[in-house]
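Working through the structure, step by step
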Amino acid sequence: MEYEVTIGLEVHAQILTASKMFCGCSAEYASAAPNTHVCPICLGLPGALPVINQHAIELAGLTGLALNCQIASDNTISRKNYFYPDLPASYQRTQYDDPICVAGWVDLDGPEGTKRIGLTRVHIEEDTGKRIHQADGSTLVDFNRAGVPLMEIVSEPDIASPDEAKRFFQKLRQTLIWIGVNTGNMEEGALRCDANISVRPKGQAKYGSKVEIKNMNSFRAVERALIYEVERQIKELDAGNSIPQSTRGWSEAESRTKLQRIKESSDDYRYFPEPDIPPLALTANWVAERQTELPELPDARKTRFVAQYGISAYEAETLADLRIDADYFERAVAAAAASGATPRDVANWISGELFRLLKDTSEDLAAVEQRFPPTYIGQVQSLLNSGTITRTSAKEVFEASFRSGQAPSDVVAERGLAQIGAGDALSALARAAIVGNPKSVGDYHSGKVAAIKFLVGQVMRASKGQANPQAAQEALERELSV
Ligand SMILES: [Zn+2]
């Protein structure tokens, strides 16, 4: 029997604000000592009154626009009731039937063209605290994270494979980082993903029963957990068993999903509107303001890079993966124009040497930009174009500049890298190569003209790459003819 797979993702993304969702406590939880960023509101103490974080709402609205959603003018915060040790109020403030953003989409580029994945909704909620299990079996609770602003981004069941799920999640992460609403840090839990997956015989109209998978903390985990679950469900169906609607957790250590609970319905949570927070009314003006804050998004920027700068789609993709890289590239292009370096030269230096060095040093461009400004890229290319340095030296200059922050022309002066183009220095190197390699000289004189290539190599090596190969060959021909 052939089966088809249906996947929908629920992505939880912390909203990058200074303070928590309903109180003034700092939203920084990872580096602070446990239970230091807490107050009566986020500890759920009786009588404490929440105040909504306006900036968090603005960032959620911005996210909705970046994801092609409609922004709802009226939306409310509800209470979702359940008991958990890291949820001090025994309810979570979240949005239920009227979320802030609805009906968006994400376009995925793949081998078969562009696939559009629909988004059902983006809603606002608060994060829970964190449990820390001890070796002696006890559990500690840290409430620093309780009340940190969170968005839940829910896709339509439009995803047809584990690979597509992974790429969707990657694209979402890229967009959230790009617009500055989330750090993308999955290790710290700032971005997390659950998946709903079902399998049905090919052609069957009704979906199979939905299994929710939790605890996937990396792109790899999302893909592996879903591959495992597809195989598990197909095996069950082939054996004539039914799949219960349930929640399962991914165990990285055991490479499998494990049953956690048979799924509860939303009735079990007894949602009701939060009585302490009035409904939010978002005006058309408010939405228009968010629209002005929305930067050019990755796909649009890639398309523009190809059209405007004549670089390849692949290079554009590399340069516009992170917004900071794309900004750096464009500043470098603008600065390089005066020195005669083309956008393609600049793209080559950045996607080649600069990205290699950043990977080597594990630095990010934000930190490096202070010492290695985008103007340096054009300066290196200009030294190369003017013949001041050779291509080999240019790479050395680039790297030295990157590491020390010295201007490229200063590196050239300090290291004496200016090209040996002609004159006595080059003639002396040519004579030394002739004296040192009588066999090649003999070959050359007996008609094997190609033997001179070897001698050129010797001159280049003796000059430590500073000789111009063309000039070296001319000097050798001159010396060999006397
Ligand atoms: Zn607080």
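Being a predicted model, the structure only gives us computed values, none of them experimental.

**A look at the overall build of the protein**
Scanning the protein from terminus to terminus reveals 16 helices and 16 strands. Here the C-alpha atoms of the protein give a radius of gyration of 31 Å, more than 25% beyond the 23 Å that 2.2 N^0.38 yields for 482 residues. Out of the 482 residues in the protein, the part that is buried amounts to 36%. Residue pairs at least 24 apart in sequence account for 68% of intrachain contacts in the protein once pairs closer than 6 positions are excluded.

**Considering helix α16 (residues 469–480)**
Taking 1.5 Å per residue as the helical rise, α16 with its twelve residues ought to reach 16 Å, and the 16 Å between its terminal C-alpha atoms agrees with that figure. Considered for burial, the residues of α16 that qualify are Ala472, Ala475, Leu476 and Glu479. Taken around the axis of α16, the buried residues stretch over an arc of 100°, which confines them to a single face. Among the exposed residues of α16, those pointing more than 90 degrees away from its buried face are Gln470 and Arg478.

**Describing the pairing of strand β8 (residues 130–133)**
Where β8 and strand β9 (residues 139–142) come together, four bridges link them in antiparallel fashion. Of the residues in β9, the one forming a bridge with Arg131 is Val141. Hairpin connection of β8 to β9: five residues between the antiparallel strands, including Gly137 at a positive phi of 95°.

**Side note on the domain arrangement of the protein**
Where interface size is quoted, it is often the accessible area lost as the parts come together. As far as domains go, the protein holds domain 1 (3–290), domain 2 (296–415) and domain 3 (423–480). Using only C-alpha atoms to locate each centre, domain 1 and domain 2 end up separated by 38 Å. Counting residues at the interface gives five residues for domain 1, matched by five residues for domain 2. The greatest single-element share of the side of domain 1 that touches domain 2, amounting to three residues, is contributed by helix α2 (residues 162–178).

**A word on the pairing of strand β12 (residues 211–216)**
Direction of pairing for strand β11 (residues 191–201) relative to β12: antiparallel, over a ladder of four bridges. Note that in β12 the partner of Ala195 across the bridge is Ile213. Here β12 runs beside strand β13 (residues 246–251); their pairing, made up of four bridges, is parallel. Its bridge partner being in β13, Ile213 is matched across the sheet by Arg248. With respect to chirality, the unit in which β12 leads through helix α3 (residues 219–238) into the neighbouring parallel β13 is left-handed.

**Thoughts on the nonpolar core**
Membership of the largest hydrophobic core comes to 61 residues, with the highest contact counts inside it found for Leu9, Ala60, Val122, Ala165 and Ala195. A per-element tally of this core places α2 first, with seven residues. Aside from chain neighbours lying at most four places away, what touches Ala60 is Ile15, Ile100, Cys101, Val122, Ile124 and Met151. Grouped together as the second largest cluster of nonpolar side chains are 31 residues, Leu319, Ala326, Ala341 and Leu384 included.

**Details of the packing of helix α8 (residues 343–361) against helix α11 (residues 391–404)**
Remark: α8 packs on α11, axes separated minimally by 11 Å, with the N-to-C direction vectors making an angle of 50°. With respect to α11, the axis of α8 lies oblique. Handedness of the α8/α11 crossing: right-handed. For the pair α8 and α11, contact is made by Trp349, Glu353 and Leu357 and by Lys395, Phe398, Glu399 and Phe402, respectively. Residues belonging to the contact of α8 with α11 are distributed by class as follows: four nonpolar, no polar and three charged.

**Some details on the environment of Ala467**
Relative to the elements of secondary structure, Ala467 occurs in the loop between α15 (451–462) and α16. Here Ala467 falls in the buried class, since 26 other C-beta atoms lie within 10 Å of it. Along the chain, Ala467 and Gln370 lie 97 residues apart, while their C-alpha atoms are 33 Å from each other.

**Regarding unusual backbone geometry**
The phi dihedral of Ala103 falls on the positive side, at around 55°, and the residue is not glycine. Along the polypeptide, Ala103 turns up in strand β6 (residues 101–110).

**Focus: the environment of Ala430**
With respect to the helices and strands, Ala430 occurs in helix α13 (residues 423–436). Considered as a pair, Ala430 and Ile243 are 187 residues apart in the sequence and their alpha carbons are 80 Å apart.

**Some points on the packing of α15 against α16**
Running from N to C, α15 and α16 cross one another at 120°; their axes reach a closest spacing of 9 Å. The interaxial crossing formed by α15 with α16 has right-handed handedness. For the pair formed by α15 and α16, the contact residues are Ile452, Leu455, Val456, Val459 and Met460 on the first element and Pro469, Ala472, Gln473 and Leu476 on the second. Residue composition of the contact of α15 with α16, grouped by class: eight nonpolar, one polar and no charged.

Scoring rules and cut-offs
- Residues numbered from 1 in each chain as written.
- Predicted model: local features only at pLDDT ≥ 70, side-chain atom pairs only at ≥ 80, totals over all residues.
- Helix = DSSP H or I, 4+ residues; strand = E, 2+ residues; numbered from the N terminus.
- Rg over C-alpha atoms; globule rule 2.2 N^0.38 Å.
- Buried ≥ 20, exposed ≤ 12 C-beta atoms within 10 Å, placed from the backbone.
- Contact = placed C-beta atoms within 7 Å.
- Expected span 1.5 Å × (residues − 1).
- Arc of directions from axis to C-beta.
- Pairing = 2+ DSSP bridges.
- Domains from an automatic or database assignment.
- Right-handed = clockwise from strand over helix to strand, strands pointing away.
- Core = buried A, V, L, I, M, F, W, Y, C linked by C-beta atoms within 7 Å.
- Axes fitted to C-alpha atoms, helices over the stretch in contact; angles between N-to-C directions.
- Parallel < 35°, antiparallel > 145°, perpendicular 65-115°, else oblique.
- Left-handed = near helix turned anticlockwise from the far one by under 90°.
- Nonpolar A, V, L, I, M, F, W, Y, C, P; charged D, E, K, R; others polar.

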